[in-house]
Amino acid sequence: MGIHWTVYPNHHEASLAVADTISAVLIEKTACVLGLATGSTPLEVYAELARRHREEALDFGKATTVNLDEYIGLPPGHPQSYVHYMHEHLFRHINIDRDRTHLPNVHAADLSESANDFERLVESTGGVDLQLLGIGTNGHIGFNEPGAEEDSVTRVVDLAPGTIHSNSRFFESESDVPRRAITMGIATILRAQKIVLLATGDSKAEAVAEAINGPISRDNPASFLQTHANVHFVLDSAAAVGLAN
Ligand code: GLP
């Protein structure tokens, strides 16, 4: 199998390529299920999808979305919550039915039960047609940090110290970054029909090279993607420096 990858000259071109893939799924199957990611990397993808909706009538009217993960511990409506991010950067700009947009509920009394509910919800959609991923500098996908098991499902996880540090750029200080999250598991992600991972910038180069060419290992959770039949890494030249041409 192995991971298929394409290198684009820059972040902008790579983002347009991912927007093309998502648009193609929406056009082929209007009632598709899209698995979505947050972080800084996909921002331009969402901006481009919003533009295509506005200017080219790209239709989200029958689509369903499920997000990879959500922080635990932020008050509802917090600007750094992923639910806020999704509304701000995508949902409010497109014609999606809000009842068909799903993120893990981190405000439930029983968070483990809430994680189980989300796993069942993802299954009940009939399956994710296209899962968009980013990657952490330590190889995390969603919030599956190093050590995550291949058969893991949606659950409560602790964030790695490096992830807390990386994500502190979105908060006033590192101590404000949540320590826990609910994330889809590796097995949840691998059930998607097709997976597209977008990685740009030199900080991702090592994790990308290990994910593609390294051993399949819990040390780099993205390496589990090697076991999937339909994975495409969309890279810019900086993120691809560790790969042979
Ligand atoms: C975050 C998210 C991931 C994301 C990754 C990279 O913490 N949980 O889904 O892919 O880290 O983020 P960025 O795109 O900002 O580099």
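Residues numbered from 1 in each chain as written. Predicted model: local features only at pLDDT ≥ 70, side-chain atom pairs only at ≥ 80, totals over all residues. Heavy atoms only, no water.

**Looking at the overall build of the protein**
So, step 1. Of the regular secondary structure elements, the protein holds 7 helices and 10 strands.
So, step 2. Taking 245 residues into account, the globule formula puts the C-alpha radius of gyration at 18 Å, and the protein, at 17 Å, falls close to it.
So, step 3. Viewed in the frame of its principal axes, the protein has a C-alpha envelope of about 45 × 40 × 35 Å.
So, step 4. Put simply, the protein has 245 residues, and 53% of those count as buried.
So, step 5. A total accessible area of about 10,700 Å² is found for the protein, and carbon and sulfur atoms account for 49% of it.
So, step 6. Seen as two clouds, the 17 positive and the 32 negative side-chain charges of the protein have centres 5 Å apart. (Helix = DSSP H or I, 4+ residues; strand = E, 2+ residues; numbered from the N terminus. Rg over C-alpha atoms; globule rule 2.2 N^0.38 Å. Buried < 20%, exposed > 50% of the residue type's maximum accessible area, 1.4 Å probe, protein only. Areas by Shrake-Rupley, 256 points an atom, 1.4 Å probe, with all protein chains shown as cover. Lys, Arg positive; Asp, Glu negative; His and termini not counted. Charge placed at Lys NZ, Arg CZ, Asp CG, Glu CD.)

**Side note on the nonpolar core**
So, step 1. Among the nonpolar cores identified, the biggest contains 72 residues, and Ile-22, Leu-49, Leu-225 and Phe-233 are the most heavily contacted of them.
So, step 2. Excluding anything up to four places from it in sequence, Ile-22 contacts Leu-34, Val-45, Leu-49, Leu-130 and Leu-132.
So, step 3. Core analysis: the next-biggest nonpolar cluster, separate from the first, contains 5 residues, Val-106, Leu-111, Ala-115 and Ile-182 among them. (Core = buried A, V, L, I, M, F, W, Y, C linked by side-chain atoms within 4.5 Å. Contact = heavy atoms within 4.5 Å.)

**Topic: the site of the ligand**
So, step 1. Lining the immediate environment of the ligand, one finds 13 residues, of which Ser-40, Thr-41, Asn-167, Arg-169 and Lys-204 sit closest.
So, step 2. Contacts to the ligand include His-140, whose side-chain N or O atom sits 3.0 Å from an oxygen atom.
So, step 3. Between Lys-204 and the ligand, the recorded distance is 2.7 Å, taken from a side-chain N or O atom to an oxygen atom.
So, step 4. When the ligand sits alone it has 390 Å² of accessible area, and the protein chains cover 95% of it.
So, step 5. Of the residues in the shell around the ligand, the class split is 3 nonpolar, 7 polar and 3 charged. (Near = heavy atom within 4 Å. Polar contact = N/O pair within 3.5 Å; in protein donor to acceptor, adjacent residues only side chain to side chain. Nonpolar A, V, L, I, M, F, W, Y, C, P; charged D, E, K, R; others polar.)

**Section: the side chain of Asn-220**
So, step 1. Looking at the element boundaries, Asn-220 is found in the loop between α7 (205-213) and β10 (231-236).
So, step 2. Residue Asn-220 is classed as buried on the basis of its relative accessible area, which comes to 4%.
So, step 3. There is a polar contact of 3.1 Å between the side chain of Asn-220 and the backbone oxygen of Ala-207.
So, step 4. Setting aside residues no more than four positions away along its own chain, Asn-220 makes contact with Asn-138, Gly-139, Ala-207, Glu-210 and Ala-211.

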